[in-house]
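Below, each chain spelled out in residue letters.
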Amino acid sequence: MNEILLMLQLFTVIPIQKEIPYDRERFTKTAVLLPVLGGVMGLLEGGAASLILGLFRPMTAVLLILMVDVFLTKGIHLDGLADTCDGLFSGRDRKTMLEIMKDSRLGAFGTLSLLFCLLLKTALLMELDSVTFLRMVLVLPVIGRSMMVLGAFRSVYARDHGFGGIYIGQISNLTLAIASATALFYSTALLGISGGISWFAVGFLILQMKHYTEKRLGGITGDVLGAFLEVSQLIYLLIYVLLAR
């Protein structure tokens, strides 16, 4: 229980009024709980979505729910996406790309990635009926975090030190199996066979993205894990919408 509370403290804005000791080695083992954390986030966002859908038109409701997600997660995953795109698409050498990704300033590629990600996510969510939309809100946080586990599995941390090294390259076979099975079961239970197929397709594409990133950076970083989460949610939505037609 303390592990989940610590993850909520570190990865969300939820005020946990409890002092929990941080142990790096112990925290590494919380990777198996990332889909569970996603489930908690999904429940919170799903509750907000149920209320918002009853008050506003679809477009406004979708935008407000995306704002809730960004607020709850402190925007750290979108920040990771922007930093990753600024670095990878800069056309520079490995060292310079890593420096660009660490720079707090937002570049052109980062801005465009945020714009297209949020616009496309809005458009795809608008394609869903209200019931499927609510189920998707519950599922997406679980999908994204399971792909973070997949991305960190048997990878190399591209920096000498940093918070991302807690998970990157530290994921065991058992952790990957449990996290993946949890996300697959949850996805299929709520969205049917199309949800399960979408999860497998996303997993394959994230592995390709991981291979490309490792080739360019010599490994991955915490920013890249954030990018995996955002991209996987977007691809999952896209594939599910196509399959549901």
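Conventions and cut-offs
- Residues numbered from 1 in each chain as written.
- Predicted model: local features only at pLDDT ≥ 70, side-chain atom pairs only at ≥ 80, totals over all residues.
- Heavy atoms only, no water.
- Helix = DSSP H or I, 4+ residues; strand = E, 2+ residues; numbered from the N terminus.
- Expected span 1.5 Å × (residues − 1).
- Buried < 20%, exposed > 50% of the residue type's maximum accessible area, 1.4 Å probe, protein only.
- Polar contact = N/O pair within 3.5 Å; in protein donor to acceptor, adjacent residues only side chain to side chain.
- 1 Å grid on protein atoms, 1.4 Å probe; cavity = no way out; pocket = protein on both sides within 12 Å on 5 of 7 lines; lining within 4 Å.
- Points joined across faces, edges and corners; volume = space filled by probe spheres on them.
- Nonpolar A, V, L, I, M, F, W, Y, C, P; charged D, E, K, R; others polar.
- Salt bridge = Lys/Arg side-chain N within 4 Å of Asp/Glu carboxyl O.
- Axes fitted to C-alpha atoms, helices over the stretch in contact; angles between N-to-C directions.
- Parallel < 35°, antiparallel > 145°, perpendicular 65-115°, else oblique.
- Left-handed = near helix turned anticlockwise from the far one by under 90°.
- Contact = heavy atoms within 4.5 Å.

> Before we go on, may I ask you to explain helix α8 (residues 130-152) in this structure?
Residue pairs spaced three or four apart in an α-helix point in one direction, given the helix's 3.6 residues per turn. The terminal C-alpha atoms of α8 lie 34 Å apart, and with 23 residues this matches the ideal 33 Å at 1.5 Å per residue to within 8%. Buried residues dominate α8, accounting for 18 of its 23 residues. The backbone nitrogen of Val131 lies 3.1 Å from a side-chain oxygen of the residue at the head of α8, namely Asp129. Count one or two residues on from α8 and you reach Arg154, which has phi positive near 50°.

> Would you mind going over empty space enclosed by the protein with me for this structure?
To find leftover empty space, a probe the size of one water molecule is rolled over the atoms. Here the structure, examined in full by the defined rule, presents three cavities of 30 Å³ or more. Reported here for the largest cavity is a volume of approximately 120 Å³. Mapped by element, the contributors of at least two residues to the lining of the largest cavity are α4 (58-72), α7 (108-126) and α8. Here the lining of the largest cavity gets four residues from one element, more than from any other, and that element is α8. When its residues are assigned to classes, the lining of the largest cavity shows seven nonpolar, one polar and three charged. When its volume is computed, the second largest cavity comes out at roughly 90 Å³. Lining the second largest cavity, in full, are Asn2, Glu3, Leu6, Ile20, Pro21, Asp23, Arg26, Phe27 and Thr30.

> I keep staring at the pattern of salt bridges and nothing clicks. Help me out?
In a structure, side chains of opposite charge can pair up when their charged atoms sit close to one another. Counted by the stated rule, this structure contains three salt bridges. When the shortest N-O distance is used, the salt bridge between Arg245 and Glu127 registers 3.2 Å. With Arg245 in the segment after α10 (222-244) and Glu127 in the loop between α7 and α8, this pair connects stretches of sequence that are 118 residues apart. For Arg245, a relative accessible area of 69% gives the class exposed. On the basis of relative accessibility, which here comes to 46%, the residue Glu127 falls in the partly exposed class.

> I'm lost on the packing of α4 against α7 in this one. Help?
Helix packing geometry: the angle between the two helix axes and the distance between the axes. Interaxial distance between α4 and α7 falls to 10 Å at its minimum, and their mutual angle equals 130°. It follows from the interaxial angle that α4 and α7 lie oblique. In terms of crossing hand, the pair formed by α4 and α7 is right-handed. Here α4 contributes Pro58, Met59, Val62, Leu63 and Leu66 to the contact with α7, which in turn contributes Leu118, Lys121, Thr122, Leu125 and Met126. Looking at the contact of α4 with α7, its residues break down into eight nonpolar, one polar and one charged.

Any link to function would need more than the numbers given here.
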